[in-house]
Amino acid sequence: MSEPEFDLFVIGAGSAGVRCGRLAAQRGVRVAVAENDAPGGTCVNRGCIPKKLYSYAAHYHEDFEDARGYGWRVGAASFDWPTLKRRRAAEIERLNAVYAGVLEMAGATLLRGQARIVEPGVVELTDAGGTRRHRARRIVIATGAEPAVPPWPGAALAVSSDEMFDLPAFPHRLAVIGGGYIACEFASIFRGLGAEVTQVYRGTHVLRGFDDDVRAFVAAEMAKKGVALHAARRVARLERADAGVLLVLDDGTELQADTVLQAIGRVPRTRGLGLEALGVALDANGAVRVDEGYATNVPGLHAIGDVIDRVQLTPVALAEAMALIDRLYGDGTRQVDYEHVPTAVFTHPNIGTVGLSEADARARYERVRVYRSDFRALKHTLTGRGERTLVKLVVDAASDRVVGLHMVGADAGEIVQGFAVAMRAGATKACFDSTIGIHPTMAEEFVTLREPVMA
């Protein structure tokens with residue numbers, strides 16, 4: 001049999017795949033990275049980056065209003081949807097070129113086309129020019145995830161998060177189905193841009209899996225800003241209406257919308273890869289099963305990122321890529337710590353969190369202390385806005401270690417990132433107490449919490 005063309009063949013040029021391919025190529029490994037879409041994956045093209053840009057855009061409406069409280073005389077503001085779309089598209093196109101360039105400069109080969117694994121070590125790539133096969137010593141699946149398809153009648157009348165950034169017309173009436181972070185972010189963003197927004201979710205609170213205080217607090221703040229929340233409701237069906245789409249709920253409630261967004265979760269993108277025929281072990285939702293070294297049950301086949309569905313976050317995918325390459329071509333000492341993964345939710349206001357929720361901490365530790373404060377930020381003493389900020393610490397009483405840190409407020413993600421380093425290093429509540437705060441800031445609230453709200 002002839003020598004394999006590549007040492008490593010990566011399927012997917014998203015965050016995980018590009019990092020994996022670049023690091024391997026820099027070590028002298030012969031690498032190919034296959035992608036059937038624009039380089040950068042969901043994060044760059046239809047996720048983190050455009051979402052954050054649109055979140056910035058949505059904040060300007062309030063900023064114009066708030067400026068009046070500080071003596072600025074601002075004329076009537078108007079929003080132009082085509083301009084935002086055009087500016088976003090130009091930036092994403094620039095980033096696509098950056099991702100492709102990163103691979104090229106490292107010495108990796110970027111192949112365009114739809115990849116399918118036809119046998120161990122052999123990838124079939126199909127594009128407009130036909131089909132060709134490539135042989136590799138190892139294959140890495142880094143195909144990410146995609147929006148889940150809902151089961152209710154009329155689902156085809158709605159859009160997923162993939163389409164939200166480039167809707168032909170701005171939706172003046174938006175209905176959002178779902179209570180997860182993607183649903184809450186788009187509800188906040190489009191409300192900030194001026195749409196009437198209704199959000200429907202089947203749970204009693206949004207953001208399942210987050211700290212309960214955070215969930216209740218952010219829902220209240222979103223409602224203050226005008227998002228109409230319908231908790232504990234299920235979708236019965238969607239119907240076409242003269243004025244858009246009619247959303248019918250299980251209690252008979254009818255909601256008219258120009259656009260309906262279905263954001264009920266994301267599932268690993270494994271369809272069409274040939275995994276079932278190879279006998280690759282998959283979870284019920286299609287996630288690729290891997291061991292601690294990201295190896296599947298098929299020799300020479302690995303998987304990383306959202307497709308393994310451990311923690312669907314870009315920085316986690318990057319960390320998994322670095323750990324895998326270190327294991328395959330390094331000393332194998334790099335590990336991914338899934339215990340202290342900080343994350344942000346770009347609702348309005350933002351959420352930043354790291355570590356355990358209060359409920360999870362109480363399930364793990366015998367005694368837990370909780371410190372919490374909510375307040376109106378200094379900025380809003382002059383704007384008159386009723387927005388409030390929440391900060392919360394969860395502490396293991398036996399060790400005094402801070403095991404959970406949560407915030408709802410402006411720039412929460414920027415603030416929590418630094419505290420994540422401290423928690424990763426094992427910071428105790430005594431460390432927080434002995435740290436001098438930066439005054440006046442919202443971040444200082446974390447080091448001035450003195451009395452627990454409950455033992």
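What this report covers is the structure whose coordinates are included nearby.

This brings us to the sheet that holds strand β19 (residues 368-375). The five strands are arranged β17-β18-β21-β20-β19 in an open sheet whose pairing can be described as antiparallel. Here the strands that pair on one side only, and so sit at the sheet edges, are β17 (343-345) and β19. Taking the axes of each pair of neighbouring strands and ignoring which way they run, one obtains an average angle of 10 degrees across the sheet. Note: strand β18 (residues 351-355) against strand β21 (residues 402-408), five bridges, orientation antiparallel. Across the sheet, residue T353 finds its bridge partner in β21, namely H406. Contacting β17, β18 and β21, helix α11 (residues 412-424) runs over the sheet at an angle of about 10 degrees to β18.

P349 follows H348 through a cis peptide bond whose omega is 5 degrees. The residue P349 is located in the loop between β17 and β18 in this model. Each neighbour pair has its own omega, and for H439 with P440 the value is -5 degrees, a cis peptide bond. Inspection of the secondary structure puts P440 in the segment after α12 (429-434).

Over its 20 residues, helix α3 (residues 48-67) extends 28 Å from the first C-alpha to the last, a length consistent with the 28 Å expected when each residue adds 1.5 Å. Looking at the buried residues of α3, the elements they touch are α2 (41-46), α4 (81-106), α5 (181-192) and α10 (380-383).

Turning to the side chain of K225, a few remarks are in order. The residue K225 is located in the loop between α6 (212-224) and β10 (228-230) in this model. In terms of polar contacts, K225 uses its side chain to reach the side chain of E387, at 2.7 Å. Beyond its immediate stretch of four places on either side in the chain, K225 contacts E62, R191, H348, P349, R385 and E387.

Conventions and cut-offs
Residue positions are given per chain, counting from 1 as you read along its sequence in written order. Two thresholds apply to this predicted model, a pLDDT of at least 70 for residue-level local features and 80 or more for giving and counting side-chain atom pairs, whereas whole-chain, interface and lining totals are computed over all residues. To obtain the side-chain values, all non-hydrogen atoms of the structure were used and water was disregarded. Strands pair, by our definition, only if DSSP identifies at least two bridges between them. A run of H or I in DSSP counts as a helix once it spans at least four residues, and a run of E counts as a strand once it spans at least two, with each numbered from the N terminus. Inter-axis angles, ranging from 0 to 180 degrees, are taken between N-to-C directions of lines fitted to C-alpha atoms, where helices are fitted over the stretch in contact. Contacts are assigned to residue pairs with any non-hydrogen atoms lying within 4.5 Å of each other. Between the first and last residue of a helix there are one fewer steps than residues, each counted as 1.5 Å, and that sum is the expected span. Whenever two N or O atoms come within 3.5 Å, that pair is a polar contact, provided that in protein one can donate a hydrogen and the other can accept it, and provided that, for residues adjacent in sequence, both atoms are side-chain atoms.

Take it as geometry only, folks, not as evidence of what the structure does.
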